[in-house]
Amino acid sequence: MQSDLEGLEITPGEIKHWSGINQNSLYRPATVKKLIREGLKTFCISGLLLISYWIWSLIFPEISLILIIIYLIIGVLLILEDSIKFWNTLTRPQFVKLCNQVDRYNSIVKALSIYDQLEATQHPPGKLNNRKAIIEALNLIRIELIRGLKIERTLKKHQKFIEQHSEFFDPNFTALTVLQTEETTTEQGRLLYQAFQIASEVHAQLKQLQEQQTSR
């Protein structure tokens with residue numbers, strides 16, 4: 001990975017640091033189908049635990065009380081973990097959307113890294129002539145995504161946060177729109193277009209958060 005790409009990727013540790021929550025502590029995609037499927041999976045696992053307990057209790061009846069305690073602990077932990085995921089998914093929809101945007105952003109960083117590796121081969125697919133603009137766009141989007149994670153987290157704690165910190169809603173969106181000049185038929189244009197789309201959606205989410213807060 002070239003030096004200008006180092007540190008661009010937003011890691012799970014950074015997401016947890018800025019948002020206060022592990023992205024693995026929710027269900028994605030946050031759809032009804034996904035939630036129902038996860039609920040049924042938990043139900044099936046619980047059934048298998050009961051069957052397992054019944055078999056082991058028949059084999060070792062003398063330790064049935066210990067088995068009950070062990071399986072109860074496993075069952076409670078399983079239900080607790082799923083309950084936390086359900087709660088986080090349902091109560092923090094904006095965080096789910098931001099995580100999806102982070103995934104898309106990271107995929108662009110990864111694609112650019114792979115493209116760099118291909119350029120180093122004997123038969124490169126082509127040269128990214130506008131690489132500097134792409135890196136600049138990615139840096140701006142990274143700032144936007146981190147800002148979004150900070151705002152989403154703080155809004156869960158302080159309802160009047162936006163009114164008191166309006167400077168957070170002065171994003172780099174104008175700078176990003178200036179970069180959206182490449183034709184999407186080129187590789188650099190395609191990467192810039194994808195980056196611009198992510199920035200547009202993040203910007204819209206920040207405005208939505210602001211409108212929701214000021215309307216209360």
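The model shown is predicted, which means the values in this text are computed figures rather than measured ones. Chains are numbered independently. Their residues run from 1 in the order of the written sequence. Owing to the predicted nature of the model, reporting of local features is limited to residues with pLDDT of at least 70; listing and counting of side-chain atom pairs is limited to 80 or more, with chain, interface and lining totals taken over all residues. To get the side-chain values, take all heavy atoms of the structure and skip hydrogens and water.

### Concerning a nonpolar patch on the surface
- Distance thresholds for patches are 9 Å for like charges and 5 Å for nonpolar side chains (Val, Leu, Ile, Met, Phe, Trp, Tyr), applied to residues having over 30% relative accessible area and no salt bridge. All accessible-area figures derive from a Shrake-Rupley calculation using a 1.4 Å probe, and residue coverage is judged against the displayed protein chains alone. When a carboxyl oxygen of Asp or Glu lies within 4 Å of a side-chain nitrogen of Lys or Arg, that pair is called a salt bridge. Taken together, the side chains of Leu 48, Ile 51, Trp 54, Ile 55, Trp 56, Leu 58, Ile 59, Phe 60, Ile 63, Ile 66, Ile 70 and Ile 74 define a hydrophobic patch exposed on the protein surface, amounting to about 1,200 Å² of accessible area.
- Each helix corresponds to a stretch of at least 4 residues labelled H or I by DSSP, and each strand to a stretch of at least 2 residues labelled E; elements are numbered beginning at the N terminus. Mapped onto the nonpolar patch, the elements with two or more residues apiece are α2 (32-59) and α3 (64-91).
- The element best represented in the nonpolar patch is α2, accounting for seven residues.
- Locating Trp 56 in the fold gives a position in helix α2.

### A closer look at the nonpolar core
- The biggest cluster of nonpolar side chains holds 22 residues, and the ones touching the most others in it are Leu 8, Ile 15, Phe 95, Tyr 105 and Leu 138.
- For this core, the secondary structure elements donating two or more residues are α4 (93-119) and α5 (131-157).
- Residue contributions to this core peak at nine residues, all from α4.
- Only heavy atoms enter the contact rule, under which two residues are in contact if any of them lie within 4.5 Å. Those residues in contact with Phe 95 that lie beyond four places of it in its chain are Ile 15, Ser 19, Ile 21, Gln 23, Leu 26, Leu 149 and Glu 152. The set of buried Ala, Val, Leu, Ile, Met, Phe, Trp, Tyr and Cys residues whose side-chain atoms join them within 4.5 Å is what this entry labels a nonpolar core. The cut-offs for exposure are 20% and 50% of the maximum accessible area for each residue type, with area from a 1.4 Å probe on protein chains only; residues under the lower value are buried, those over the upper are exposed, and the others partly exposed.

### Points about the packing of aromatic side chains
- Any pair of Phe, Tyr and Trp rings, taking the six-membered ring for Trp, is counted once the centres come within 6.5 Å. Such a pair is stacked with planes under 30 degrees apart, edge-to-face with planes over 60 apart, and tilted for the rest. In total, this model carries three aromatic pairs according to the counting rule given.
- For the ring pair Tyr 27 and Phe 86, a centre distance of 5.1 Å and an interplane angle of 70 degrees mean the geometry is edge-to-face. With Tyr 27 in the loop between α1 (12-19) and α2 and Phe 86 in helix α3, the pair connects residues that are 59 residues apart, well separated along the chain.
- For Phe 86, a relative accessible area of 21% corresponds to the partly exposed category.

### Side note on the pattern of salt bridges
- Applying the stated criterion to the full structure yields seven salt bridges.
- A salt bridge links Arg 28 to Asp 103; the nearest nitrogen and oxygen atoms lie 2.6 Å apart. Of this pair, Arg 28 sits in the loop between α1 and α2 while Asp 103 is found in helix α4, placing the two residues 75 residues apart along the sequence.
- As a salt-bridge pair, Lys 41 and Glu 38 come within 3.2 Å of each other at their nearest N and O atoms.

Keep in mind that these numbers describe shape and distance, not what the molecule does.
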